[in-house]
Amino acid sequence: MGKKITEKVTWVGKVDWELKKFHGNEYSVQRGSSYNSYLVRGKKTALIDTVWRPYDEEFISQLKQEIDLDQIDYIVMNHNEVDHSGSLPELIRLIPNTPIYCTANGEKILRGHYHQDWNYKTVRTGDSLDLDGCILMFVEAPMLHWPDTMFTYMTGDNILFSNDAFGQHYATETLFNDTVNQAELYSEAMKYYANILTPFSPLVRKKIDEVLGLNLTVNMICPSHGIIWRDDPAQIIGRYLDWAKNYQENQVTLIYDTMWQSTRRIAEGIAAGIRESDSDITVKLVNAAKRDKNDIITEVFRSRAILVGSPTVNNGYLYSIGGLLEMMKGLKFKGKKAAAFGSYGWSGESVSQITNQLKDCGFQIVNDGQKVLWVPDCKQMEDCMEFGRKFATEIGQMNERSAG
């Protein structure tokens, strides 16, 4: 059933406690999610976004409990990925010819998904829709994170319907940011930004500055996944501005895969050397074959430097490392430093190959890397520790030069 947000706004979405994977298998979900849809009532009524197609019958059944469908005057689609537009075909079947407000790219995407000649009304930044009691204002936000994305601002209640921006995959029945565990909330918000919005960070900064420049009062931010920001909604805007500025903490993350534990031992030796050189650095080790890939990407997002390690297998590196390198390349991290390491038996190409891949990913390469023949002995473990000490010193010096 629906939940009142304000006197004029009702949440009519779906909480999905069972969701485990998103974007196919690209994004892991640990705490469920929600598909948030909102009814906005003046004398006229608009529905903002729908829910994912597997829940279309459930969505429409519950929507009917809130309103006679024929009383929905307008549908606003802020973004048309199927998790938001999936229920639209069934809804339009029941209320044909209802105007659908979206961007020009939104119309293209809806036509591309559903191949229907619906009643599209394309809008641009500055256009508005008068509900006779409140006004919906539209702000285009292309590539946050699809070309069709827009925000909708509701006057009177001063609500920003932001779609994917400021959202998280986080299921809750209580809806609001001040009613949930804050550590969990911000963990999921950072993971969402790191894995989805990082490559669009310059656009995030530009769009937030543009919205702030409109001098709109924002009492509430209603995204399309996760909680609604009603308690100090500016806090998540501030976090986004921080995250969009080549974000990094004082952390070094070592990412590795290993066959017979030699590369793991190298990682542990390097980590010990880093900690010995600078006890203020947070050092984390993650096995790429055992840890969730999206959680690893979040650790990369936090880090000012990473080290990536693999043994040489079939003249290359292990596939778990290859997958992560491809993800990092697409996410276009900026301002981070990196090096490679690994064990080998006879050919030893993995370290140089990883180094080249890290360079292609946009990382600043610190050195040529560290490799060990077969299993590291005591002396070689000391060499790995020394490599870690020098790595910590080198990234510190590189930062000082950048600051200067």
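Residues numbered from 1 in each chain as written. Predicted model: local features only at pLDDT ≥ 70, side-chain atom pairs only at ≥ 80, totals over all residues. Heavy atoms only, no water.

### What about the sheet that holds strand 1 (residues 3-4)?
Piece 1. With mixed pairing, seven strands are arranged side by side in an open sheet as 1-2-7-8-9-10-11. Looking at which strands have only one partner, the edges of the open sheet turn out to be strand 1 and strand 11 (120-122).
Piece 2. Here helix 1 (residues 56-66) sits on the sheet and contacts strand 2 (9-11), strand 7 (38-41) and strand 8 (45-48); the angle it forms with strand 7, its principal contact strand, is near 25 degrees. (Pairing = 2+ DSSP bridges. Helix = DSSP H or I, 4+ residues; strand = E, 2+ residues; numbered from the N terminus. Contact = heavy atoms within 4.5 Å. Axes fitted to C-alpha atoms, helices over the stretch in contact; angles between N-to-C directions.)

### Here we look at the nonpolar core
Piece 1. Grouped together as the largest cluster of nonpolar side chains are 84 residues, with contacts concentrated most on Leu63, Ile72, Phe166, Tyr240, Trp243, Met328 and Phe363.
Piece 2. Considering each element in turn, this core owes the most residues, nine residues, to helix 5 (residues 182-197).
Piece 3. Non-local contacts of Tyr240, meaning those with residues more than four positions away in its chain, are made with Asp164, Ala165, Phe166, Gly167, Tyr192, Tyr193, Leu197, Val204 and Ile208.
Piece 4. With 27 residues, the next largest nonpolar core counts Tyr101, Val123, Phe138 and Ile228 among its residues. (Core = buried A, V, L, I, M, F, W, Y, C linked by side-chain atoms within 4.5 Å. Buried < 20%, exposed > 50% of the residue type's maximum accessible area, 1.4 Å probe, protein only.)

### Some points on the pairing of strand 17 (residues 251-256)
Piece 1. Burial analysis of strand 17 places six of its six residues in the buried class, the great majority of the element.
Piece 2. Of the two faces of strand 17, the one holding Gln251, Thr253 and Ile255 and the one holding Val252, Leu254 and Tyr256 are both buried throughout.
Piece 3. Note that strand 17 and strand 18 (residues 282-287) share six bridges and pair parallel. Within strand 18, the position partnered with Val252 by the bridge is Val283.
Piece 4. The handedness of the strand 17 to strand 18 crossover, carried by helix 8 (residues 262-277), is right-handed.
Piece 5. In the sheet, strand 17 pairs with strand 19 (residues 305-309) via five bridges, with the strands oriented parallel. (Right-handed = clockwise from strand over helix to strand, strands pointing away.)

### Focus: the side chain of Gln168
Piece 1. Counting through the fold element by element, Gln168 comes out in the loop between strand 15 (159-163) and helix 5.
Piece 2. The residues contacting Gln168, other than those within four sequence positions of it, are Ser33, Leu185, Glu188, Ala189, Tyr192, His225, Gly226, Ile227 and Trp229.

### Describing the environment of Leu197
Piece 1. As for its placement among the helices and strands, Leu197 is situated in helix 5.
Piece 2. Its relative accessible area of 3% is what places Leu197 among the buried residues.
Piece 3. A C-alpha to C-alpha distance of 15 Å links Leu197 and Ser224, two positions 27 residues apart in sequence.

### Focus on the pairing of strand 16 (residues 220-223)
Piece 1. Because side chains alternate across strand 16, one face comprises the buried residues Met220 and Cys222, and the other comprises Ile221 and Pro223, equally buried.
Piece 2. In this structure, strand 15 lies alongside strand 16, joined through four bridges in parallel fashion. Bridge pairing in strand 16 links Asn163 to Pro223.

### Some points on the packing of aromatic side chains
Piece 1. Applying the stated criterion across every chain yields a total of 18 aromatic pairs.
Piece 2. Note on Tyr101 and Phe138: the rings are 6.2 Å apart at their centroids and 20 degrees apart in plane angle, and the pair reads as stacked. Pair noted here: Tyr101 is in strand 10 (residues 100-102) and Phe138 is in strand 13 (residues 135-140), with a separation of 37 residues, a long-range link. Each member of the pair, Tyr101 together with Phe138, is buried.
Piece 3. By way of ring pairs, the aromatic residues Phe166, Tyr193, Tyr240, Trp243, Tyr247 and Phe301 are connected into one cluster.
Piece 4. Sitting above the plane of the Phe176 ring, Arg230 keeps its charged end 3.9 Å from the centroid.
Piece 5. Positioned above the aromatic ring of Tyr186, the side-chain terminus of Arg239 is 3.9 Å from the ring centre. (Phe/Tyr/Trp six-rings, centres within 6.5 Å; stacked < 30°, edge-to-face > 60°. Lys NZ or Arg CZ within 6 Å of the ring centre and 35° of its normal.)

### Concerning the sheet that holds strand 14 (residues 150-154)
Piece 1. Strand order in the open sheet formed by five strands is 12-13-14-15-16, with mixed pairing between adjacent strands. Of all strands in the sheet, those with a lone pairing partner are strand 12 (128-130) and strand 16, marking the two edges. Strand-to-strand twist of the sheet, defined as the mean angle between neighbouring strand axes without regard to direction, takes the value 20 degrees.
Piece 2. Sitting on the sheet, helix 6 (residues 201-213) is in contact with strand 13 and strand 14, with an inclination near 145 degrees to strand 13.

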